[in-house]
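Architecture and fold: a report
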Amino acid sequence: MNDNLIIAGVEFRSRLILGTSRYPDPNTMLKALEASGTEIVTVSIRRVDLNSESGGILSLIDRNKYRILPNTAGCYTAREAVFTANLAREALGTNWVKLEVIGDDETLFPDVPELLKAAEELLSEGFVVLPYCNDDPVTCKKLQDMGCAAVMPLGAPIGSGMGIRNPYNIRIIRDMIDIPLIIDAGVGTASDAAIAMELGVDGILMNTAVAEAEHPVEMAKAMKLAVEAGRLAYKSGRIPRRLYAKASSPEEGIIK
């Protein structure tokens, strides 16, 4: 089944996007990326030294194998986010950006007005914008209509591992938008990933669930399989939910 993920005209076989922070060591990170099958790797531009002679974490990632998706994590205003995105474009030679504008230190929820402002400006400057946003259908529709290449609503607060806390909103968003819908944040284990994919999302971005697992490489493989299974289940069409039992064996031909 040819069922690749397409973002801004670029085709990907994997629907899993991984972050690069919080791993025990760089070697574990690289092994986890390999085990996950991911083709997109996100890096926080504000947390890497672009002037480092050794190249830091960016020098370890094979740019021929993985697309680097710089993010604006740590930005609290539209101005900061736009500046960071332009820094990433100049340093990495990519106009793709995962846009984050945080509104609160405790919850790390997005600041929606600043997010919309930053998205509008970056789109006018020719960026491919993938915004991290609330699981709010209205915000997601606005971001689509502005021209964003995808929307990335949270499943639960960043790093919480709480799973998909509001599946109803995710289903509404799926019905309201035509661009890729990617869950960003909140996934804690493989069953969370499968549930998200069964809701009809196009992909999942995660970091903490893999990086801080007891065995990150094994968890990365589990997430790969969960995303694939959840997507296949969604495409296959589940049976309706029923309040009462329905015999699985046919009644025709029963000996009476």
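Scope of this entry: the structure provided in the associated data block. Everything quoted here is computed from the prediction, not taken from an experiment. (Residues numbered from 1 in each chain as written. Predicted model: local features only at pLDDT ≥ 70, side-chain atom pairs only at ≥ 80, totals over all residues. Heavy atoms only, no water.)

1. A short note on the overall build of the protein chain
- Helices and strands together make up the secondary structure of the protein chain, namely eight helices and 10 strands.
- Against the compact-globule benchmark of 18 Å for 256 residues, the protein chain has a radius of gyration of 19 Å, which places it among compact chains.
- Considered along the principal axes of its C-alpha atoms, the protein chain spans approximately 80 × 40 × 35 Å.
- With 256 residues in all, the protein chain has 48% of them scored as buried.
- Looking at the protein chain alone, contacts between residues at least 24 apart form 65% of all its contacts between residues at least 6 apart.
- In the structure as shown, the protein chain presents an accessible area of about 13,200 Å², 50% of it carried by carbon and sulfur atoms. (Helix = DSSP H or I, 4+ residues; strand = E, 2+ residues; numbered from the N terminus. Rg over C-alpha atoms; globule rule 2.2 N^0.38 Å. Buried < 20%, exposed > 50% of the residue type's maximum accessible area, 1.4 Å probe, protein only. Contact = heavy atoms within 4.5 Å. Areas by Shrake-Rupley, 256 points an atom, 1.4 Å probe, with all protein chains shown as cover.)

2. So, the nonpolar core
- By size, the foremost hydrophobic cluster in this structure holds 64 residues, and its most contacted members are Leu99, Val129, Ile204, Met206, Val210 and Met223.
- Tallying contributions element by element places helix 3 (residues 112–124) first for this core, with seven residues.
- Ignoring any residue separated from it by four or fewer positions in sequence, one finds isoleucine 204 in contact with Arg15, Leu16, Ile17, Ile182, Ile183, Val187, Ala193, Ala196, Met197 and Val227.
- Within the second largest apolar cluster, 14 residues are counted, among which are Ile17, Trp96, Ala149 and Leu205. (Core = buried A, V, L, I, M, F, W, Y, C linked by side-chain atoms within 4.5 Å.)

3. Brief notes about the pairing of strand 4 (residues 40–44)
- Among the five residues of strand 4, five are classified as buried, and the element is accordingly described as predominantly covered.
- Bridge count between strand 3 (residues 16–19) and strand 4: three bridges; the pairing is parallel. Residue pairing for strand 4: leucine 18 is matched across the bridge by valine 41.
- Where the polypeptide runs from strand 3 across helix 1 (residues 26–36) and back to strand 4, its parallel neighbour, the crossover connection is right-handed.
- Two strands pair when backbone bridges link them, and strand 4 and strand 5 (residues 67–71) are joined in this way by five bridges, in the parallel orientation. Note that in strand 5 the partner of isoleucine 40 across the bridge is arginine 67. (Pairing = 2+ DSSP bridges. Right-handed = clockwise from strand over helix to strand, strands pointing away.)

4. Considerations on the packing of helix 3 against helix 4 (residues 137–146)
- At their nearest, the axes of helix 3 and helix 4 sit 10 Å apart, and the two run at 15 degrees to each other. It follows that helix 3 is roughly parallel to helix 4 by the angle criterion. Viewed along their axes, helix 3 and helix 4 form a crossing whose handedness is right-handed. Every residue of helix 4 that contacts helix 3 at Val112, Leu115, Leu116, Ala119, Glu120 and Leu123 is listed here: Thr139, Lys142, Leu143 and Met146. (Axes fitted to C-alpha atoms, helices over the stretch in contact; angles between N-to-C directions. Parallel < 35°, antiparallel > 145°, perpendicular 65-115°, else oblique. Left-handed = near helix turned anticlockwise from the far one by under 90°.)

5. Focus: helix 2 (residues 78–92)
- In this model helix 2 runs 21 Å from its N-terminal to its C-terminal C-alpha over 15 residues, within 8% of the 21 Å that 1.5 Å per residue would give.
- For helix 2, the full list of buried residues reads Ala78, Ala81, Val82, Thr84, Ala85, Ala88 and Leu92. Angularly, the buried residues of helix 2 cover 165 degrees about the axis, an arc narrow enough to put them on a single face. Exposed residues pointing more than 90 degrees away from the buried face of helix 2 are listed as Arg79, Phe83 and Glu90.
- On its buried side, helix 2 packs onto strand 5, strand 6 (96–99) and helix 3. (Expected span 1.5 Å × (residues − 1). Arc of directions from axis to C-beta.)

6. Re unusual backbone geometry
- In this structure, alanine 8 takes a positive phi of about 50 degrees despite not being glycine.
- Looking at the secondary structure, you find alanine 8 in the loop between strand 1 (5–7) and strand 2 (10–12).
- With a relative accessible area of 47%, alanine 8 lands in the partly exposed category.
- The phi dihedral of leucine 108 falls on the positive side, at around 60 degrees, and the residue is not glycine.
- Along the chain, the position of leucine 108 falls in the loop between strand 6 and helix 3.

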